[in-house]
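# Understanding the architecture of this molecule
Here's the letter readout for the chains.
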Amino acid sequence: MTVRRSALLACSLLLTLHAPARAQAPRLGTITFPTSGQPSAQPAFVEGVLYLHSFEYGPAARAFRRAQELDPGFAMAYWGEALTYTHPVWNEQDMAAARAALNRLAPTRQARRAKAPTAREKLYLDAIETLYGEGTKAARDTAYASAMARLSAAHPEDLEARAFHALALLGLNQGVRSIPDYMRAAAIAEEIFAANPGHPGAAHYLIHSYDDPIHAPLGLRAARAYSKIAPDAGHAQHMTTHIFVALGMWDDVVAQNTIASRLSNWMSGHYTSWLEYGYLQQGRHARALEHLEQMHERLSGGAPPGSLDTATRNRLTAVARMRADYVFNTERWDSPVLAWSIEPPAALSEAALTDVFTRGFAAAMRGDMDAAKALSDEIVERNGRSGTARDLPAVSAIVEVQLRAVIAFREGRRVEALALAKQATEIEDAMPFEFGPPAAVKPTHELLGDLLLEADQATGAQRAYTRALELTPRRAITLIGLARAADRAGDVQTADAARATLREIWHAADADVARTAESLARR
């Protein structure tokens, strides 16, 4: 999993904290998880586990604390709360909060274990103690996965033990996708899903397991099911779209992220950003602009960068990304949205990086080379600062090289520009990959295709666009480039196929977009 995705998913976590209160029990799926806790505390405990399976960590912790209030000696309720502070797929862990939760049960490992009245529950406590014990995070994560494997083997009837074992496997490589481990997790989740088609964790973990270019089609069944299994979990509604993006199913991307955004009270973040991207792929540029403007209006303003809390910074990042997606996917290089001040360019943040790159690229495309060079220098200076951890180091390098490439091309230094564009593709190809809006807001192979096409190297451009579509399937603007390149290369079949796909995904496009689709593709 990429650092970018981790940051964006962290934003979705924060959004769950703002979800509106519900008068009835939330619909989160069905599980069977017997414990020795008091019957009065069991519903809150099960609700916490259900929220856990959908990565709704804030509501999960609150549910487990309700169970603790109802039964102060309920060991598994403290186990559950402690587990909310580890987010395996996102490579996040709050040791202090987890240990504080466990210490409220009892002050020592031995005393806590004694609070678990059954052998099975003692194994759960042993596993969580391993997760938050001594050693590096990687070592503890590995030991925890082994502990969950032992628990699953000792109690094969316990689907929850198996589900949390699958999740532990997804986190073994510290947020970087490991196909062998992900396939091991998928095999476990498939068995759970077959035994209990209403299990939210089974569907969720299958989607994560299959979220790569080879396996994504295998996740479609789970994606279709998950939104119905947990209709009140915002992350469940959004998570389905990891598979829908992988397959270029833009209507589904928009529908599910609309629901997720509504469940999170339309707070700008991960869900609203993916929704913006979906609108743009549909060719609904007017709706995309309206959505972007609404999210920008919701930002809190006036606070200096150093005083921003995490939730506010994540909202800034989302809006900066939404604006960038709008500009790059509509190619409106003089759009008024570029005048917005989202965060000072010098800030070492994802929002500032996205902002500087977008405005610099747009300036170059308008022919304002002085502005483009100044913003390029800003990125170089930003990336060169020492002693400060930067967001997205690979993406920082990509956008620095890309902006230099487009400036060189606009100034007539085409050999240099193409070499730089190819360098950017090499950086991106070496990054960990999973589907979603592209890590680099201007996909590197797409930019290479644009430059090659303008340099009258149609065959090379066609190859670049084809590679871009492997990473961003059915991306509208890449399809336009492919059709143009294939036409010029004399490959009528490929050009016609690209146009047909474009017409299909633009079935609900704005009238002006739909009218120009064919002519744009043939230029």
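## Thoughts on the overall build of the protein chain
A count of helical and extended segments in the protein chain gives 26 helices and 2 strands. In terms of overall size, the protein chain behaves like a compact globule, its C-alpha atoms giving a radius of gyration of 24 Å where 523 residues would be expected to give roughly 24 Å. Considering the protein chain as a whole, with its 523 residues, one finds that 61% of them fall into the buried category. The contacts of the protein chain with a sequence gap of at least 6 include a subset with a gap of at least 24, amounting to 65%. Here the protein chain has roughly 19300 Å² of accessible surface; of this, 55% comes from carbon and sulfur atoms.

## Section: the side chain of Asp-158
Residue position: Asp-158 is located in the loop between helix H8 (137-154) and helix H9 (159-170). For Asp-158, a relative accessible area of 5% corresponds to the buried category. Side-chain polar atoms of Asp-158 contact the side chain of Arg-120, separated by 2.9 Å. For Asp-158, the residues in contact, after removing those within four places along its chain, are Arg-120 and Tyr-124.

## Thoughts on unusual backbone geometry
We note that Phe-55 has phi near 60 degrees; this positive angle belongs to a residue other than glycine. With respect to the secondary-structure elements, Phe-55 resides in the loop between helix H2 (42-53) and helix H3 (57-70). The phi dihedral of Arg-474 is positive, around 60 degrees, even though this residue is not glycine.

## Some remarks on the nonpolar core
Counting residues in each nonpolar core, the largest one holds 159 residues, and the members touching the most others are Phe-45, Trp-79, Ile-128, Tyr-132 and Phe-164. Sorting elements by how many residues they give to this core places helix H20 (residues 393-410) first, with 10 residues. In this structure, Trp-79 is in contact with Phe-33, Phe-45, Val-49, Tyr-124, Leu-125, Ile-128 and Phe-164, ignoring residues within four places of it in sequence.

## Overview of the confidence of the model for the protein chain
Close inspection of predicted coordinates is inappropriate for parts of the model with low pLDDT. Chain-level statistics for the protein chain give a pLDDT mean of 90 and a share of 90% at 70 or above. Low confidence marks residues 1-22, where pLDDT is under 50. Its contacts with residues over four positions away, or in another chain, come to 73 contacts. Scored below 50 in pLDDT, residues 386-391 shows 10 contacts in the model against residues more than four places distant or in partner chains.

## Side note on the side chain of Arg-475
As for its position among the elements, Arg-475 is in the loop between helix H23 (458-471) and helix H24 (476-489). Polar contacts involving the side chain of Arg-475 include one to the side chain of Asn-329, which spans 3.4 Å. Sequence-distant contacts of Arg-475, that is, excluding residues within four places in its chain, are made with Trp-250, Tyr-277, Gln-281, Asn-329, Pro-438, Val-441, Pro-443, Glu-446 and Leu-469.

## Description of the environment of Glu-454
Mapped onto the elements, Glu-454 comes out in helix H22 (residues 444-454). Those residues within four positions of Glu-454 in sequence are excluded, and the remaining contacts are Phe-409, Arg-410 and Arg-414.

## Focus on the environment of Phe-328
Assignment of secondary structure puts Phe-328 in helix H17 (residues 310-330). On the basis of relative accessibility, which here comes to 1%, the residue Phe-328 falls in the buried class. A C-alpha to C-alpha distance of 7.6 Å links Phe-328 and Val-441, two positions 113 residues apart in sequence. Once you skip the residues sitting within four places of it in the chain, Phe-328 turns out to touch Trp-333, Phe-357, Thr-358, Phe-361, Val-441, Lys-442 and Ile-477.

## Focus on helix H12 (residues 220-229)
Looking at H12, one finds that the buried residues are Ala-222, Ala-223, Ala-225, Tyr-226, Ser-227 and Ile-229. Contacts made by the buried residues of H12 are with H2, helix H10 (179-195), helix H11 (200-210), helix H13 (234-246) and helix H14 (250-263).

## Overview of the packing of H13 against H14
At a minimum axis separation of 8 Å, H13 and H14 run at an interaxial angle of 160 degrees. Looking at the two axes, H13 sits roughly antiparallel to H14. Considering how the two elements wind past one another, H13 and H14 form a crossing that is left-handed. The segment H13 lies against H14, with Gly-234, Gln-237, His-238, Thr-240, Thr-241, Phe-244 and Val-245 engaging Trp-250, Asp-252, Val-253, Gln-256, Asn-257, Ile-259, Ala-260 and Leu-263. The class makeup of the residues in the contact of H13 with H14 is 7 nonpolar, 7 polar and 1 charged.

## Observations regarding H22
The element H22 is extensively covered by neighbouring structure, given that 9 of its 11 residues are classed as buried. Looking at the buried residues of H22, the elements they touch are helix H18 (350-366), H20, helix H21 (414-429), H23 and H24. Directly after H22, the chain includes Asp-456, whose backbone phi takes a positive value near 60 degrees.

## Quick notes on the pattern of salt bridges
Between side chains of opposite charge, pairing is possible as soon as their charged atoms come close. Counted according to the given criterion, the structure contains 28 salt bridges. The salt bridge involving Arg-113 is made with Asp-126; its shortest N-O contact spans 2.7 Å. Placement of the pair is Arg-113 in helix H6 (residues 109-114) and Asp-126 in helix H7 (residues 119-131), with a sequence separation of 13 residues. Among the charged side chains, a network of salt bridges with common partners joins Lys-373, Glu-411, Arg-413 and Glu-416.

Calculation criteria
Residues numbered from 1 in each chain as written. Predicted model: local features only at pLDDT ≥ 70, side-chain atom pairs only at ≥ 80, totals over all residues. Heavy atoms only, no water. Helix = DSSP H or I, 4+ residues; strand = E, 2+ residues; numbered from the N terminus. Rg over C-alpha atoms; globule rule 2.2 N^0.38 Å. Buried < 20%, exposed > 50% of the residue type's maximum accessible area, 1.4 Å probe, protein only. Contact = heavy atoms within 4.5 Å. Areas by Shrake-Rupley, 256 points an atom, 1.4 Å probe, with all protein chains shown as cover. Polar contact = N/O pair within 3.5 Å; in protein donor to acceptor, adjacent residues only side chain to side chain. Core = buried A, V, L, I, M, F, W, Y, C linked by side-chain atoms within 4.5 Å. pLDDT = per-residue confidence, 0-100. Axes fitted to C-alpha atoms, helices over the stretch in contact; angles between N-to-C directions. Parallel < 35°, antiparallel > 145°, perpendicular 65-115°, else oblique. Left-handed = near helix turned anticlockwise from the far one by under 90°. Nonpolar A, V, L, I, M, F, W, Y, C, P; charged D, E, K, R; others polar. Salt bridge = Lys/Arg side-chain N within 4 Å of Asp/Glu carboxyl O.

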